[in-house]
Amino acid sequence: MQVRNYINGKWVEARSEEWYVDLNPATEEPVAEVVKSDERDVAAAVEAAEAAFEKWRKVPAPKRAEILYRAGQLLVERKEQLARLLTQEMGKILPEARGDVQEAIDMAFYIGGEGRRLLGYTAPVELPNKFGMAIRDPIGVVACITPWNFPIAIPSWKIFPALVAGNTVIFKPATDTPATAAEFVRIFEEAGLPPGVLNLVIGPGPTVGNALVEHPTVKAISFTGSTEVGRDLYARAARHLKRVSLEMGGKNAIIVMEDANLELALEATLWAAFGTTGQRCTACSRLILHKPIKGKFTEMLVERAKQLRLGNGLEPTTDVGPLINEAAVRKVHSYVEIGKAEGARLLCGGNPVKVNGKGFFYEPTIFDQVRPDMRIAQEEIFGPVLSIIEAESLEEAIRINNSVNYGLSSSLFTQDVNKAFQAIRDITTGIVYINHGTTGAEIQFPFGGTRGTGNGHREAGLTAIEFFTEWKAVYVDYSGRLQRAQIDTTAFGQVPVQ
């Protein structure tokens, strides 16, 4: 299979004429041969998007939404096909891959509804015979830069809102998941999206991503990825006064109190820590245990973690798939070595492994006796490594939870409603769960975090449209005379023009 760029309604090769091989991380077998783009491809895509913008923004929003609805229906029809390709390309187990596609389906229909809303507002004005309202305008050409861990869900959070608001899009997917990205774009093509409205450019971040940041016609960038890359992108985009939305790292924690339902907390922790092989921005990498139950819960957790089965995500017996590539294995293992050197106690795991002699697998790994200030408790590892931290009280647990440079997701297990509401008030992350793990956000609520996780914008929910629109205040004066707001001070503003 060959994967090409999609520019101005056509599937085209990269100007460089270079290709690279996309590998299945479970088997190390080729999935696709993929174009390797450069600045010239970005320029062509931006030119196409700019030309398409004038027509697309004038298409009535309900009509734009009809295309999104058709795309949603095509996603429904091809859910299994897309999920299997997704698993082959990035490794997550098939049930999770189906969930990835389902999230895009949900987003298509949810954001499609915005085509008949795109809510502005009216408000009273201070002068008679005058009307005021605030309406939304599209920004123009926007870039959506997405990661490999949710290669359909995360692009859907960005592309659907951008399109329904009337923008045109350059989609730059991760180089590890180009085939899934291409099939996602093909859905829009078949749904009837006009040429140039959505363009796909595949290539390395330092080349394609930087070109999008520097191109003067690209007015906004929505980025999901590492904190290091996001900060650099943000600084460079600021020089051009570009609008930027950043969704970056996480160091999420589950707090388990002594009154918690331990069986429920156990299942949630296993899923949050080792689902997607820990490769989620919402994955649980810190487990903060109330001292009275720490010993018992740790024993339960380690026993179950040792039973998790590694393997190809397409196999129904697999619990945990591979990491995305060899570099990820090296990074995770380096943090395991750091944890040992810091004095943490390794309870299980801690080794890279092969399945049938192949793949980029890593054992589910648990550390105990972790101090909150250790690097393994502060830095994002993005793999199946969980650090257990002891707390004497809920207040201490919340302080530990809030003491990292990230603020995406948090979780508390308790059967005390007072403790639950105290945590909701005092936890400083963008997402808070009570009696649930740190993963599993729903598209009708805002998604995003605080501190080093992001820069204040949110995806999904009522906030999905915000980033992709400009506000325009409109005043209509039907008095037939010049009325000067904030200057006319007599009754009802009836000051004659001199």
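Preceding this section is the structure that the text describes.
These notes cover the structure that comes with them. (Residues numbered from 1 in each chain as written. Predicted model: local features only at pLDDT ≥ 70, side-chain atom pairs only at ≥ 80, totals over all residues. Heavy atoms only, no water.)

### As for the overall build of the protein chain
If you tally the helices and strands in the protein chain, you get 14 helices and 24 strands. Relative to its length of 498 residues, the protein chain is compact, with a C-alpha radius of gyration of 25 Å against a globular reference of 23 Å. Its C-alpha atoms give the protein chain principal-axis dimensions of roughly 85 × 60 × 40 Å. Out of the 498 residues in the protein chain, the part that is buried amounts to 56%. A separation threshold of at least 6 residues defines the contact pool for the protein chain, and within that pool the share at least 24 residues apart is 73%. (Helix = DSSP H or I, 4+ residues; strand = E, 2+ residues; numbered from the N terminus. Rg over C-alpha atoms; globule rule 2.2 N^0.38 Å. Buried < 20%, exposed > 50% of the residue type's maximum accessible area, 1.4 Å probe, protein only. Contact = heavy atoms within 4.5 Å.)

### Observations concerning the packing of helix H7 (residues 205–214) against helix H8 (residues 227–238)
Direction vectors running N to C along H7 and H8 enclose 30°, while the axes themselves pass 9 Å from each other. As summarised for this structure, H7 and H8 are arranged roughly parallel, according to the angle between their axes. Taking contact as the criterion, the partners of Asn 210, Val 213 and Glu 214 in H7 are, on H8, Leu 233, Arg 236 and Ala 237. For the contact of H7 with H8, the class distribution of residues is three nonpolar, one polar and two charged. (Axes fitted to C-alpha atoms, helices over the stretch in contact; angles between N-to-C directions. Parallel < 35°, antiparallel > 145°, perpendicular 65-115°, else oblique. Nonpolar A, V, L, I, M, F, W, Y, C, P; charged D, E, K, R; others polar.)

### So, the pattern of salt bridges
Scanning the entire structure with this criterion turns up 27 salt bridges. The salt bridge involving Glu 392 is made with Lys 291; its shortest N-O contact spans 3.6 Å. Residue Glu 392 is found in the loop between strand S19 (385–391) and helix H13 (394–401), and its partner Lys 291 is found in helix H10 (residues 291–307); the two are separated by 101 residues along the sequence. Taking relative accessible area as the criterion, Lys 291 reaches 44% and is therefore assigned partly exposed. (Salt bridge = Lys/Arg side-chain N within 4 Å of Asp/Glu carboxyl O.)

### Considering helix H9 (residues 262–274)
Note that an α-helix has 3.6 residues per turn; residues three or four places apart therefore point the same way. With 13 residues, H9 should reach 18 Å at 1.5 Å per residue; the first-to-last C-alpha distance of 18 Å fits that figure. For H9, every residue scored as buried is listed here: Leu 262, Ala 265, Leu 266, Ala 268, Thr 269, Leu 270, Ala 272, Ala 273 and Phe 274. Tucked into the core, H9 has its buried residues touching strand S13 (252–256), strand S14 (284–290), H10, strand S18 (365–368), S19 and strand S21 (409–413). At the N-terminal boundary of H9, the capping side chain belongs to Asn 261, with an oxygen 3.3 Å from the backbone nitrogen of Glu 263. Of the residues one or two after H9, Thr 276 is the one with positive phi, at around 55°. (Expected span 1.5 Å × (residues − 1). Polar contact = N/O pair within 3.5 Å; in protein donor to acceptor, adjacent residues only side chain to side chain.)

### A word on unusual backbone geometry
Phi angles above zero are rare outside glycine, and Asn 8 is one such case at about 55°. By the element assignment, Asn 8 lies in the loop between strand S2 (5–7) and strand S3 (10–12). Classification of Asn 8 as partly exposed rests on a relative accessible area of 41%. For Arg 451, which is not a glycine, the phi torsion comes out positive at approximately 50°. Residue placement: Arg 451 occurs in strand S23 (residues 450–451).

### Observations regarding the packing of aromatic side chains
One pass over the structure, following the stated rule, counts nine aromatic pairs. Consider the rings of Phe 184 and Phe 188, whose centres lie 5.1 Å apart with planes at 80°: the pair is edge-to-face. With a gap of four residues between them, Phe 184 and Phe 188 both fall in helix H6 (residues 178–191), about one helical turn apart. As far as the burial class goes, Phe 184 and Phe 188 line up, both buried. Three or more aromatic residues link up through ring pairs in this structure, and these residues are Phe 160, Phe 184 and Phe 188. The ring of Phe 150 is capped by Lys 92, whose NZ or CZ atom sits 3.7 Å from the centre of that ring. Sitting over the ring of Trp 11, Arg 186 keeps its end group 4.4 Å from the ring centre. (Phe/Tyr/Trp six-rings, centres within 6.5 Å; stacked < 30°, edge-to-face > 60°. Lys NZ or Arg CZ within 6 Å of the ring centre and 35° of its normal.)

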